[in-house]
Structures are given as C-alpha cells and as structure tokens.
Amino acid sequence: LIALVHLWLTAKWLVRRRCSEVRPGICAQMNEPVSVIVPCYLPNEEDTIFATIEHLMTQLEHSGPLTLFVVYNTTKKLPSEMTLQAWDGKTYPSGRTLRVLEAIGSRSKAENLNYVLRQVCDKFVALYDADHRPDAASLQLMMRSLLERRCPAVQGSTYIRNPNSLLACLVDAEFFVTHFIYFPAMQQLSGTAYFGGSNALWQTEVLRQYSFDPSMHTEDVDLSARVILDQHCIHFLPTARSGELAPAGAVALGNQRLRWFVGWEQVTHKYYCRVWSSRLSVWRKLGFCYMFHLRWLLLLAALMGAVINPVITSPFVYPLPTWSVAIQSCVYIAVTLYVFVAALAICKVIWHNRSRPSMWAWVALFFTLGWIYVVLHFTLQTFAFMKVL
C-alpha cells in the first residue's frame with residue numbers, strides 16, 4: 001500500500017513541478033510577525049535551553065519580527081532559573097525579542113503551552129522542544145507551505161542531531177524512514193497529517209481554540225484528533241527539519257515509545273465513536289479510522305508479512321515452491337513492493353543527506369532489520385493496549 005501511494009505521489013510531484021507557481025501575495029505574508037514557543041521543564045533541560053535560545057534567535061531564518069517565548073515550570077529553585085529570568089526582554093538583531101515566563105503551578109508540557117498561548121499576539125506561532133535545533137530554512141519552508149495550502153498547521157520532521165552511538169544511529173534511520181516514507185503515505189491515505197508536538201507552525205487562533213489536555217499521555221495527538229474531527233487539515237512537510245537529542249539509552253527509548261503508544265491508544269479509545277457523528281466526509285472518516293482505528297490491523301498485517309510468513313514459507317517448515325501459484329505470487333509481489341519502498345528510502349536519504357554517507361547504510365540496515373522493528377512495535381502496542389484497558 002505504501003509503495004503504491006508513493007508511485008502516485010511521485011507522478012503527482014512531477015506534474016506539480018511543471019505547473020506550480022507561487023500564489024500572489026504569499027511573498028508579502030512571509031514577513032508576518034511570528035511567535036516561537038519553547039516549553040521547558042527546567043530541572044531536566046537547564047543544560048540545553050540556553051543553547052536552544054541562541055540557536056533560535058541567531059540561526060533560524062525569518063525575514064519579519066520574531067518573539068521567542070520560553071515558558072518553564074520547575075519543582076525547585078535553581079541558579080539557572082535566575083539566569084534565565086535575567087534574559088527576559090533580551091533583544092536580538094532583526095526585531096527579535098526573548099520573553100521568559102514561569103508557568104506557576106504547572107506540572108506538564110500541556111499546562112505550560114496553555115499558559116503561554118494566552119500571551120501570544122502574533123498571527124502565527126511555531127513550537128519547538130527545548131532540545132531542538134531546527135534547520136535554518138525550516139520555519140520559512142513551513143510558513144510558505146501554510147500560506148500556499150491555507151491550512152491551520154504545518155508539521156515538520158525531526159532527526160537525531162547527536163548520532164554518536166549505535167542506538168542513536170538506528171533511531172535516526174527510523175526517523176528518516178518514518179518522516180520521508182510512512183508519514184507522506186499516511187497523509188495521502190487519510191487526507192491529513194497530525195501534530196507531533198514540536199517543529200510545527202500554526203495559525204495562532206486555531207491553536208488557541210483547542211487547549212492541550214494534561215491528562216493525555218500524548219497531548220499533541222489528542223489535539224490533532226480534535227482538530228481533524230472539526231474538519232481542519234494539517235499538512236506534513238518532511239523537508240522542514242529539526243534536530244533533537246537521542247534518548248539517553250535503551251530503557252529511556254523504551255519508556256518514550258511506550259508513552260507514545262499509550263497516548264495513541266488513549267486517543268483511539270476517546271474518539272472511537274465520535275468520528276461517526278462528526279461532519280467529516282465519508283472519505284475523511286475513513287482516513288481518520290486509518291490513522292487511529294486500523295493501527296492494530298495494520299500492525300498485525302506487518303507482523304504477518306515480516307515475521308510469520310517468512311517463517312512458514314522457509315525451507316525448514318513449508319517451502320514456498322510447495323504452495324499454490326496464487327500464494328507464491330502474493331509473496332513475490334509483497335517482497336517486490338517492500339524492496340521498492342526500501343530502494344525509494346535509500347534514494348531519498350542519499351538526496352537529503354548527501355554529506356552523510358553513513359546515514360545511507362543505516363537506512364539500509366533499518367530495512368534489513370525491519371522484522372525486529374515490527375516485533376518490538378507489536379510488543380509495545382500490546383502493553384499499551386493492556387495499560388489503557
């Protein structure tokens with residue numbers, strides 16, 4: 001399915017490349033003031049927040065005024081908090097201003113965001129996590145896409161900016177495949193993308209209309225579901241990239257992914273029936289179900305194709321030549337399409353990471369070890385389902 005979608009996307013890209021032209025008035029709107037929000041839990045992120053501020057204020061490209069809001073919560077007074085507060089009101093060249101706000105009483109990222117959104121006056125607002133280092137042109141790319149498509153939000157992609165371990169390199173390869181292969185296909189099939197919590201640009205009024213729910217494990221996915229059910233579309237733009245730190249280790253990675261799976265399971269249960277009473281078109285309802293309700297079915301299909309079928313049709317169990325021609329044809333087609341997707345991913349990583357040949361090998365290794373990835377995801381999804389029940 002992903003392979004067929006990418007064949008369609010390639011054909012559509014070739015046509016659009018010939019016929020595309022910039023809509024009049026977009027260039028002027030690119031200079032609109034933008035607010036940037038960075039939520040921060042100070043005890044954990046005091047070592048990175050100051051470098052993030054300097055990066056955003058000096059490296060991120062935007063031709064108009066820019067106000068950076070650093071909103072933090074903390075469980076105890078720290079020397080870094082005094083330093084951070086002293087930076088409040090600091091100005092930078094090109095009309096850039098830093099605001100530092102403490103979300104008193106906040107215990108989560110969701111509460112930090114709800115607090116600071118009331119202070120934002122600009123028409124557009126971008127969100128980044130405290131460890132993010134967005135590429136210089138990423139904000140401009142998202143702004144252009146948002147204006148051209150007239151959508152409420154554009155979601156960029158992420159990569160690992162410190163790939164200095166085996167785990168970090170594998171996660172980096174996974175991020176690339178997810179953002180450049182799977183998410184574009186999901187967007188085409190469901191009619192929308194979703195908000196990933198960071199490296200995203202929003203129309204402020206739309207984002208402010210939906211408050212973040214602190215009770216959800218993934219408040220960003222919960223907000224996405226509500227936005228989509230109200231007939232909005234979020235656009236995914238993988239070329240708008242931002243680097244983040246790798247998880248501290250295998251345990252931290254496992255805990256992070258389990259939280260993500262639990263969050264998706266929470267959102268699926270919460271809106272399981274509401275989609276049918278929404279005003280979405282039939283196609284958009286099916287797209288919503290593809291994104292949420294059918295996750296289990298798709299994961300089971302992946303487990304069947306990547307793990308169970310290769311074992312059953314191996315020379316040691318029931319060799320493939322002993323099966324019917326129809327079964328053999330299905331297996332050969334599935335393998336061919338998987339190889340096509342892998343080859344497409346390698347071509348994309350070569351194009352987008354020309355200066356990092358090692359990344360090409362990691363993406364190839366990711367597809368080689370795809371069956372392990374599927375087993376781990378199925379295991380975590382099962383645990384998440386049991387926790388939410």
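For the structure itself, consult the block above.
Cut-offs applied
- Residues numbered from 1 in each chain as written.
- Predicted model: local features only at pLDDT ≥ 70, side-chain atom pairs only at ≥ 80, totals over all residues.
- Heavy atoms only, no water.
- Axes fitted to C-alpha atoms, helices over the stretch in contact; angles between N-to-C directions.
- Helix = DSSP H or I, 4+ residues; strand = E, 2+ residues; numbered from the N terminus.
- Parallel < 35°, antiparallel > 145°, perpendicular 65-115°, else oblique.
- Left-handed = near helix turned anticlockwise from the far one by under 90°.
- Contact = heavy atoms within 4.5 Å.
- Nonpolar A, V, L, I, M, F, W, Y, C, P; charged D, E, K, R; others polar.
- Buried < 20%, exposed > 50% of the residue type's maximum accessible area, 1.4 Å probe, protein only.
- Lys, Arg positive; Asp, Glu negative; His and termini not counted.
- Salt bridge = Lys/Arg side-chain N within 4 Å of Asp/Glu carboxyl O.
- Core = buried A, V, L, I, M, F, W, Y, C linked by side-chain atoms within 4.5 Å.
- Pairing = 2+ DSSP bridges.

A. Geometry of the packing of helix α8 (residues 166-190) against helix α11 (residues 250-270). Interhelical geometry of α8 versus α11 gives an angle of 30° and a closest axis separation of 11 Å. Taken together, α8 and α11 sit at an angle that is classed as roughly parallel. Viewed along their axes, α8 and α11 form a crossing whose handedness is left-handed. In this structure, α8 uses Leu167, Val171, Glu174 and Phe175 to contact α11, whose residues at the interface are Ala250, Leu253 and Arg257. In terms of residue class, the contact of α8 with α11 is built from five nonpolar, no polar and two charged.

B. Just the side chain of Arg284, in detail. Its location among the elements puts Arg284 in helix α13 (residues 282-291). Summary of buried charges: Arg284 has no salt-bridge partner, and the nearest side chain of opposite charge, Asp230, is 9.9 Å away. Leave out the neighbours within four places in its chain, and Arg284 touches Ser190, Gly191, Thr192, Ile228, Gln231, His232 and Cys233.

C. Local environment of the nonpolar core. Counting 43 residues, the largest nonpolar core has Ile37 and Trp202 as the members making the most contacts within it. Ignoring anything within four residues of it in the chain, the contact list for Ile37 reads Phe69, Val71, Leu113, Val116, Leu117, Val120, Val125, Ala126, Leu127 and Tyr128. Ile26, Leu56, Leu78 and Leu201 belong to the second-largest nonpolar core, a separate cluster that totals 37 residues.

D. A look at the environment of Val331. When you line up the elements, Val331 lands in helix α15 (residues 325-352). Residue classification places Val331 among the partly exposed positions, given a relative accessible area of 21%. Between the C-alpha atom of Val331 and that of Leu320, which follows or precedes it by 11 residues, the distance is 8.7 Å.

E. A look at the pattern of salt bridges. Taken as a whole, this structure holds 12 salt bridges when the rule is applied. The shortest N-O distance in the salt bridge between Asp129 and Lys109 comes to 2.9 Å. With a gap of 20 residues between them, Asp129 in the loop between β5 (124-127) and β6 (133-134) and Lys109 in helix α6 (residues 109-117) connect regions that are remote in the sequence. A cluster of three or more residues bridged by salt bridges with shared partners is formed by Asp213, Asp222, Arg226 and Lys270.

F. Representation of the pairing of strand β1 (residues 34-41) in the model. Burial analysis of β1 places seven of its eight residues in the buried class, which makes it a mostly covered element. Where β1 and β5 come together, four bridges link them in parallel fashion. Within β5, the position partnered with Val36 by the bridge is Ala126.

G. Up close: the environment of Phe50. Locating Phe50 in the fold gives a position in helix α4 (residues 49-58). Take Phe50: its relative accessible area is 19%, and that puts it in the buried class. Between the alpha carbons of Phe50 and Ala130 there is a distance of 9.0 Å; along the sequence they are 80 residues apart. Setting aside chain neighbours within four positions, we find Phe50 in contact with Ser80, Thr83, Leu84 and Trp87.

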